[in-house]
2 protein chains.
Amino acid sequence: MRHEYATKPREQIAAILATERRYLSAAEIFERLEKAEAGVSLSTVYRTLERLREKGVATSRLDERGEATYLACEPSHHHHAICRVCGGVEDVPCEAIERFARSLHDERGFMLDGHTIEFFGRCKSCG
Amino acid sequence: MRHEYATKPREQIAAILATERRYLSAAEIFERLEKAEAGVSLSTVYRTLERLREKGVATSRLDERGEATYLACEPSHHHHAICRVCGGVEDVPCEAIERFARSLHDERGFMLDGHTIEFFGRCKSCG
DNA sequence: GCTATATTTGCGAACGGTTCTCAAAATCAT
DNA sequence: ATGATTTTGAGAACCGTTCGCAAATATAGC
Ligand SMILES: [Zn+2]
Ligand SMILES: [Zn+2]
Ligand SMILES: [Zn+2]
Ligand SMILES: [Zn+2]
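The residue numbers shown here count from 1 along each chain, following its written sequence. By the order in which they are written, chains take letters starting at A while ligands take numbers starting at 1. The predicted nature of this model means local features are confined to residues of pLDDT at least 70 and side-chain atom pairs, given and counted, to a pLDDT of 80 or more, with totals for whole chains, interfaces and linings taken over all residues. To obtain the side-chain values, all non-hydrogen atoms of the structure were used and water was disregarded.

(A) Spotlight on the packing of helix α1 (residues 8-19) of chain A against helix α2 (residues 26-35) of chain A. All names here are of chain A. At a closest axis distance of 11 Å, the pairing of α1 and α2 adopts a crossing angle of 115 degrees. Between α1 and α2, the angle falls in the class roughly perpendicular. Pair α1 / α2 crosses with right-handed handedness. Where α1 approaches α2, its residues Gln-12, Ile-13, Ile-16 and Leu-17 are matched on the opposing element by Ile-29, Arg-32 and Leu-33. Gly falls in the polar group here, along with every residue not listed as nonpolar (Ala, Val, Leu, Ile, Met, Phe, Trp, Tyr, Cys, Pro) or charged (Asp, Glu, Lys, Arg). When its residues are assigned to classes, the contact of α1 with α2 shows 5 nonpolar, 1 polar and 1 charged. Angles shown run from 0 to 180 degrees and are taken between the N-to-C directions of axes, each axis being a line fitted to C-alpha atoms and, for helices, limited to the stretch in contact. Per the convention used, a helix needs a DSSP run of H or I reaching at least four residues, while a strand needs a run of E reaching at least two, with both numbered from the N terminus. The scheme is simple: roughly parallel for angles under 35 degrees, roughly antiparallel for over 145, roughly perpendicular for 65 to 115, oblique for anything else. What makes a crossing left-handed is the near helix being turned counterclockwise from the far one by less than a right angle; a clockwise turn instead makes it right-handed. The contact rule is simple, with two residues in contact once any of their heavy atoms fall within 4.5 Å.

See the structure below:
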């Protein structure tokens, strides 16, 4: 029988992710667990993050240095505006891009089936 | 005195990049140099690629695995459509995004100062 | 050409994030 | 509680990238 065990490490990692509206690296999450003396290993952090991503509960992105970072995020198609100051992430609907995408095919014969977009700047509170 | 030396390794690496309209990793470029028995080291490949990027002659992107890849590319602002089959890259002007960007500020107070976009699909010849 | 000086190179070691291995620990059904 | 199954922690292994440094190369001046 194939079962999923509900464990303390998984709860703790999911909880950290759920309370942050920013992308966090495995190392950052591990640090917080250490401060809380949770006794959770870095390996488990990696495994759990990957698991959350597969379940569609989180997204990941690579930061400038190529380090993987994770964010609790709905699976519906949308994009992110990331604040350069506080790191805060805002969801942004797709709309316009879809239309733009269509013209790619009409004008160049490029059959679009996916895209990634990220916006950068300063959020409302960071001016 | 600060000078730039024109060397064979640099010419060879720039030449490989110039003839490929796809993103190439340092390892791929190194392989080609090995086949040509150019006797160029991997370190030099890394250093030269970084140098070309700084000069604005090439762009880089991280592939799915986080590996850095490079493409000879004009510095003017535009985006890329990448073919999932052949890896070919087509330049795509920005246009619509700029307009969309403006609404981000008007509607949410997000002060946009940059964005990254990548399109994926199949190019004209890959159907 | 040759020499002197500054730059670049190759090699190998070091680095950092991620993945893997595997025995011990935790979870769950009975 | 017992046993089958899943998960975990610790550390080694992995892999792309960066570094350190002596040897090689490119340029400027002669
Ligand atoms: Zn989101
Ligand atoms: Zn902010
Ligand atoms: Zn381009
Ligand atoms: Zn193609």
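(B) Spatial organisation of the relation of the copies chain A and chain B. Expressed as a screw transformation, the operator carrying chain A onto chain B has a rotation angle of 180 degrees and an axial translation of 0.0 Å, and the superposed copies differ by an RMSD of 0.1 Å. In short, the pair behaves as if placed about a two-fold rotation axis. Using C-alpha coordinates, one finds that chain A approaches the rotation axis most closely at Ile-117 of chain A, a distance of 2.2 Å. Same-surface contact between copies: 100% of interface residues of chain A are shared with the interface of chain B. Copy-to-copy superposition: least squares on the C-alpha atoms, limited to residues that have pLDDT of at least 70 in both copies.

(C) Structural detail: the protein's contact with DNA strand C. The near set for a molecule or strand comprises every residue that places at least one heavy atom within 4 Å of it. Looking at DNA strand C, there are 22 residues lining it, with Tyr-46 of chain A together with Arg-10, Gly-39, Thr-44 and Arg-47 of chain B nearest. In the interface set of DNA strand C, defined as its atoms within 4 Å of the protein, sugar plus phosphate atoms amount to 68%. Identification of polar contacts relies on pairs of N or O atoms within 3.5 Å, with a donor-acceptor requirement for protein atoms, meaning one able to donate a hydrogen and the other able to accept it, and with residues adjacent in sequence counted only if both atoms are side-chain atoms. Arg-10 of chain B is positioned with one of its side-chain polar atoms (N or O) 2.8 Å from a phosphate oxygen of DNA strand C. In this structure, a base nitrogen belonging to DNA strand C sits 2.8 Å away from a side-chain N or O atom of Arg-47 of chain B. Elements with a contribution of two residues or more to the surface near DNA strand C: α3 (42-54) of chain A together with α1 (8-19) and α3 (42-54) of chain B. Here the surface near DNA strand C is composed, by residue class, of 8 nonpolar, 8 polar and 6 charged.

(D) Spatial organisation of the coordination of the zinc ion (ligand 4). Residue and element names in this part refer to chain B. Any nitrogen, oxygen or sulfur atom within 2.8 Å of a metal ion counts as a donor, with the limit raised to 3.2 Å for Na, K and Ca, and since water is left out, coordination shells can look unfinished. The protein atoms that coordinate the zinc ion (ligand 4) are Cys-83 (SG), Cys-86 (SG), Cys-123 (SG) and Cys-126 (SG), at distances of 2.2 to 2.4 Å. Only two sets of limits are used to name each site, 85 to 135 degrees for every angle of a tetrahedral four-donor site, and over 155 degrees for opposite donors with all other angles from 65 to 115 for a square planar four-donor or octahedral six-donor site, with any other site named irregular. Geometry at the zinc ion (ligand 4) is tetrahedral, judged from its 4 donor atoms and the angles of 101 to 115 degrees they form at the metal. Using a relative accessible area of 3% as the deciding quantity, one classes Cys-83 as buried. In this scheme, a residue with accessible area under 20% of its type's maximum is buried, one over 50% is exposed, and one in between is partly exposed, where area comes from a 1.4 Å probe on protein chains only.

(E) A look at the coordination of the zinc ion (ligand 1). Residues and elements named next belong to chain A. Coordination of the zinc ion (ligand 1) by the protein involves Cys-73 (SG), His-78 (NE2), His-80 (NE2) and Asp-91 (OD), with metal-donor separations of 2.1 to 2.5 Å. Around the zinc ion (ligand 1), the 4 donor atoms are arranged such that angles at the metal cover 92 to 164 degrees; this shape is classified as irregular. All donor residues of the zinc ion (ligand 1) come from one chain, and their arrangement in sequence is C-x4-H-x1-H-x10-D. For the pair shown, Cys-73 and His-80 are each scored as buried.

(F) Quick peek at the interface of chain A and chain B. Contact with chain A, which involves 35 residues of that partner, is made by 35 residues of chain B. For the pairing of chain A and chain B, the buried interface totals around 2,900 Å² over both sides, and the portion due to carbon and sulfur atoms is 63%. When residues of chain A are sorted by the area they lose upon contact with chain B, Phe-100, Arg-108 and Phe-110 of chain A head the list and together hold 24% of the total. Salt bridges are identified by distance alone: a Lys or Arg side-chain nitrogen within 4 Å of an Asp or Glu carboxyl oxygen. Counting the contacts that link chain A with chain B gives 4 salt bridges. Between Glu-90 of chain A and Arg-108 of chain B there is a salt bridge, with the nearest N and O atoms lying 4.0 Å from each other. If you list the elements that add at least two residues to the side of chain A that touches chain B, you get β4 (79-83), β5 (89-92), α4 (96-108) and β6 (111-122) of chain A. If one sorts the elements of the side of chain A that touches chain B by residue count, β6 of chain A sits on top with 12 residues. Partitioned by chemical class, the residues of the side of chain A that touches chain B number 18 nonpolar, 6 polar and 11 charged. Two strands qualify as a pair provided DSSP detects at least 2 bridges between them. Where β6 of chain A lies against strand β6 (residues 111-122) of chain B, 11 bridges are found, and the strand directions are antiparallel. Within the sheet, the bridge partner assigned to Phe-120 of chain A lies in β6 of chain B and is Gly-114 of chain B. Throughout, the accessible surface (probe 1.4 Å) given up by two parts as they are put together, summed over both, is called the buried area.

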